[in-house]
Amino acid sequence: MHVLRTAEDADRLRTALAPGAGVLVVGAGLIGAEVASTALRLGCDVTLVDPLAAPLVPALGPELATWLHDLHTWQGIRTARAAVESFADRGDLIEVRLTNGCSSAPYDAVVLGVGMVPQTTLAEQAGLEVERGIVVDTGQVTSNPAVLAVGDPARTRRESRTEHWEAAQHDGARAAATILGTDAPAPTAPWFWTDRHGRHVEAVGHMESADRTVVRGSFDDPAFSVFGLRDGYLVAAAAVDDSTAVRAARRMIDRRVPADAGRLSDPSVNLRSLMRG
């Protein structure tokens, strides 16, 4: 049984992902999808289970999330829409029962990629406000003005936690500005990236807040993008092998530049020209 949170976890998992090994990955979010892709490339026999039909819909939108999840099947990974009901140790193998009533063949390794719980014990013991994370203001100050919090466990009252390295980096910069009494860096839309099956995926903004989406290119193209709009403004973008589109979208979101859906979806339009609104 494996989790993937530390360098030691990664070393232990590397040993388990031997050619021919039967590997079950539980959870098809970022960690699960990346592990499944890597295990397949290393020659493992991989099964991926998740209770959602298409994980990552809030971040990528339903069309791209579905396409990405289907990519596992196209590459040769068995997928199942289910959760794990029970595990049973069979010596060197692990037997698994799923909530869809199926019993899978025993596996050599099981990887749990089912999300993180913020570590808030110290904050709670200190009497700080905690609600789905350590609550901070825009300067990373907690409910005690003498205490700051940064990184994955911290969240502002209006936003959920953003579990990506860049978000933690920005937290540190804001905390430093608070300590020094200088102006904080300008806020920017949240961004993340992930790789699977040789495809590079990036996303920025809040796709779940969009009231419409437009596709630039085609899902059959080597590179394509999906833009999320609301009230005539860009609020999110996600792209496969198209980092340029995400960088341009991030500038438009941060500067609140009006967006034209027709021009966004036209691959012949230079995205830089849209910066002028």
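No experiment lies behind these values; they were computed from the predicted model shown.

Caption draft 1: Highlighting the overall build of the chain. A count of helical and extended segments in the chain gives eight helices and 14 strands. Taken along the three principal axes of its C-alpha coordinates, the chain extends 60 × 55 × 30 Å. Considering the chain as a whole, with its 277 residues, one finds that 41% of them fall into the buried category. Contacts in the chain between residues at least 24 apart in sequence constitute 47% of all its contacts with a sequence separation of at least 6. Working note: accessible area of the chain is about 14,600 Å², and carbon and sulfur atoms make up 52% of it. Counting 27 positive and 35 negative side-chain charges, the chain places the averaged centre of each group 5 Å from the other.

Caption draft 2: Seen up close, the layout of surface pockets. When its volume is computed, the largest pocket comes out at roughly 1,600 Å³. For the largest pocket, the lining is made up of 44 residues, of which L30, L56, R161, T162 and E163 are closest to its centre. Contributing elements (two or more residues each) for the lining of the largest pocket: α2 (30-41), β2 (45-50), α3 (57-60), β10 (191-196) and β11 (199-205). For the lining of the largest pocket, the element with the most residues is α2, which contributes four residues. Here the lining of the largest pocket is built from residues that sort into 25 nonpolar, 11 polar and eight charged. Empty space within the second largest pocket amounts to approximately 880 Å³. E159, R174, P187, T188 and P190 are, among the 36 residues lining the second largest pocket, the residues nearest its centre. For the lining of the second largest pocket, the elements supplying multiple residues, two or more each, are β9 (154-156), α6 (165-180), β14 (233-240) and α7 (243-255). Here the lining of the second largest pocket gets six residues from one element, more than from any other, and that element is α6. For the lining of the second largest pocket, the class distribution of residues is 15 nonpolar, 10 polar and 11 charged.

Caption draft 3: Representation of the pattern of salt bridges in the model. Applying the stated criterion to the full structure yields seven salt bridges. We note a salt bridge from E166 to R250, for which the minimum N-O separation is 2.7 Å. One end of the pair, E166, is in helix α6; the other, R250, is in helix α7, with 84 residues separating them in the sequence. Pair check on accessibility: E166 and R250 agree, each one buried. A salt bridge links R174 to D171; its shortest N-O distance comes to 2.6 Å. In this pair, R174 and D171 both sit in helix α6, three residues apart, roughly one turn of the helix. When its relative accessible area of 9% is taken as the criterion, D171 is described as buried.

Caption draft 4: Inspection of the side chain of H69 at higher detail. Along the polypeptide, H69 turns up in helix α4 (residues 62-75). Not counting residues within four places of it along the chain, the set of residues in contact with H69 comprises A28, L48, A53, P55 and R196.

Caption draft 5: Just empty space enclosed by the protein, in detail. Summed over all chains, the structure comprises one cavity of 30 Å³ or more. For the largest cavity, the calculated volume is near 40 Å³. Forming the boundary of the largest cavity are A28, P55, L56, L60, A65, L68, H69, H72 and R196. Of the residues forming the lining of the largest cavity, the biggest block, four residues, is contributed by α4. Split into classes, the residues belonging to the lining of the largest cavity amount to six nonpolar, two polar and one charged.

Parameters at a glance
- Residues numbered from 1 in each chain as written.
- Predicted model: local features only at pLDDT ≥ 70, side-chain atom pairs only at ≥ 80, totals over all residues.
- Heavy atoms only, no water.
- Helix = DSSP H or I, 4+ residues; strand = E, 2+ residues; numbered from the N terminus.
- Buried < 20%, exposed > 50% of the residue type's maximum accessible area, 1.4 Å probe, protein only.
- Contact = heavy atoms within 4.5 Å.
- Areas by Shrake-Rupley, 256 points an atom, 1.4 Å probe, with all protein chains shown as cover.
- Lys, Arg positive; Asp, Glu negative; His and termini not counted.
- Charge placed at Lys NZ, Arg CZ, Asp CG, Glu CD.
- 1 Å grid on protein atoms, 1.4 Å probe; cavity = no way out; pocket = protein on both sides within 12 Å on 5 of 7 lines; lining within 4 Å.
- Points joined across faces, edges and corners; volume = space filled by probe spheres on them.
- Nonpolar A, V, L, I, M, F, W, Y, C, P; charged D, E, K, R; others polar.
- Salt bridge = Lys/Arg side-chain N within 4 Å of Asp/Glu carboxyl O.

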